[in-house]
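# Inside the fold
The primary structure of each chain is shown beneath.
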Amino acid sequence: EAGVAQSPRYKIIEKRQSVAFWCNPISGHATLYWYQQILGQGPKLLIQFQNNGVVDDSQLPKDRFSAERLKGVDSTLKIQPAKLEDSAVYLCASSLGLGAAGDTEAFFGQGTRLTVV
Amino acid sequence: AQRVTQPEKLLSVFKGAPVELKCNYSYSGSPELFWYVQYSRQRLQLLLRHISRESIKGFTADLNKGETSFHLKKPFAQEEDSAMYYCVLRSSASKIIFGSGTRLSIRP
């Protein structure tokens, strides 16, 4: 079974530039998550989708971050403009979905390491 | 508020010694709790979940609702257990909340 795919693996940008990350979840998984993991900290949930609808985006800095999952499959996370403090690993994860039998485990991608200079 | 606390950033033990990684949580409902592990250069992966009450790689964890704890234990540490361990809470809305993590280092 293919896992969660993310690209790119690494990205270096200057502050005030824009960047986008892409995630392809496991086939059939309705729930998709984006996390931000700053060095030395645990992953922090940015946004949670159920199919193409947003379930929780309470910790997403909406003035600069946006995310979409238009067809309920792939998702993109964008930062515009980037700040130095956005340097982190951005993780995508997916799970079967709310209410689905056996929906407990989340599967994670390798992450995208963003460095803002 | 939903919160997961892992008080130790680093735990270093000798090979063969017992291991206990502490986790406390705050959640008003009935939580689902997990331990996730990240080995060097690998992605985060599920280690065990409280509902299955299983032992994985010799690790066990018991949910103590009275103490709101879910500590991870292993009687005899092995070198391959060195990794980053995260205690994770899953809410009824499938929101997944991580603790800050504990780096476990096993000394030979």
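Provided above is the structure to which this section pertains.
Residues numbered from 1 in each chain as written. Chains lettered and ligands numbered in written order. Predicted model: local features only at pLDDT ≥ 70, side-chain atom pairs only at ≥ 80, totals over all residues. Heavy atoms only, no water.

## Considering the sheet that holds strand β8 (residues 72-74) of chain B
Residue and element names in this part refer to chain B.
- Strand order in the open sheet made by the 3 strands is β3-β8-β7, with antiparallel pairing throughout. Only two strands of the sheet have a single neighbouring strand rather than two, namely β3 (19-21) and β7 (60-61).
- Here β3 pairs with β8 via 3 bridges, running antiparallel. By the bridge assignment for β8, Val-19 is matched with Lys-74. (Pairing = 2+ DSSP bridges. Helix = DSSP H or I, 4+ residues; strand = E, 2+ residues; numbered from the N terminus.)

## Here we look at the interface of chain A and chain B
- On the chain B side, the residues contacting the 23 residues of chain A number 20 residues.
- Interface area for chain A against chain B, summed over the two sides, is near 1700 Å², with a carbon-plus-sulfur share of 47%.
- Summed over the shared surface of chain A and chain B, the number is 2 salt bridges.
- For the salt bridge of Lys-95 of chain B with Asp-56 of chain A, the shortest nitrogen-to-oxygen distance reads 3.1 Å.
- Linking chain A with chain B are 8 residue pairs in polar contact (both at pLDDT 80 or more), by the criterion used here.
- Breaking the side of chain A that touches chain B down by element, the ones donating at least two residues are β4 (31-37), β5 (44-50) and β6 (53-56) of chain A. (Contact = heavy atoms within 4.5 Å. Buried area = accessible area lost by both parts, 1.4 Å probe. Salt bridge = Lys/Arg side-chain N within 4 Å of Asp/Glu carboxyl O. Polar contact = N/O pair within 3.5 Å; in protein donor to acceptor, adjacent residues only side chain to side chain.)

## Focus on the pattern of salt bridges
- With the rule as written, the count across this model stands at 8 salt bridges over all chains.
- The shortest N-O distance in the salt bridge between Arg-64 of chain A and Asp-86 of chain A comes to 2.5 Å. A residue pair is termed long-range when its members are at least 10 positions apart, and Arg-64 of chain A in the loop between β6 and β7 (65-68) and Asp-86 of chain A in the loop between β8 (75-79) and β9 (88-95) qualify at 22 residues. No difference in accessibility class separates Arg-64 of chain A from Asp-86 of chain A, as the two residues are buried.
- When salt bridges with common partners are traced through the structure, they connect Glu-20, Lys-22 and Lys-73 of chain B into a single cluster. (Buried < 20%, exposed > 50% of the residue type's maximum accessible area, 1.4 Å probe, protein only.)

## A closer look at the side chain of Gln-6 of chain A
All names here are of chain A.
- Relative to the helices and strands, Gln-6 is located in strand β1 (residues 5-7).
- Given a relative accessible area of 10%, Gln-6 falls into the buried group.
- A polar contact of 3.0 Å, which involves the side chain of Gln-6, links it to the backbone nitrogen of Gly-111.
- The contacts of Gln-6, once residues within four sequence positions are left out, are Trp-22, Cys-23, Trp-34, Tyr-90, Leu-91, Cys-92, Gly-109, Gln-110, Gly-111 and Thr-112.

## Re unusual backbone geometry
- With an omega dihedral of -10°, the bond running from Ser-7 of chain A to Pro-8 of chain A counts as a cis peptide bond.
- Position of Pro-8 of chain A relative to the elements: it lies in the loop between β1 and β2 (10-13).
- The omega torsion across Gln-80 of chain A and Pro-81 of chain A is -5°, close enough to zero to call that bond cis.
- Mapping Pro-81 of chain A onto the fold places it in the loop between β8 and β9.
- Of note in this structure, Arg-41 of chain B is not a glycine but carries a positive phi near 65°.
- Within the secondary structure, Arg-41 of chain B sits in the loop between β5 (32-38) and β6 (45-49).
- In this model, Lys-57 of chain B sits at a positive phi of 55°, which is unusual for a non-glycine residue.

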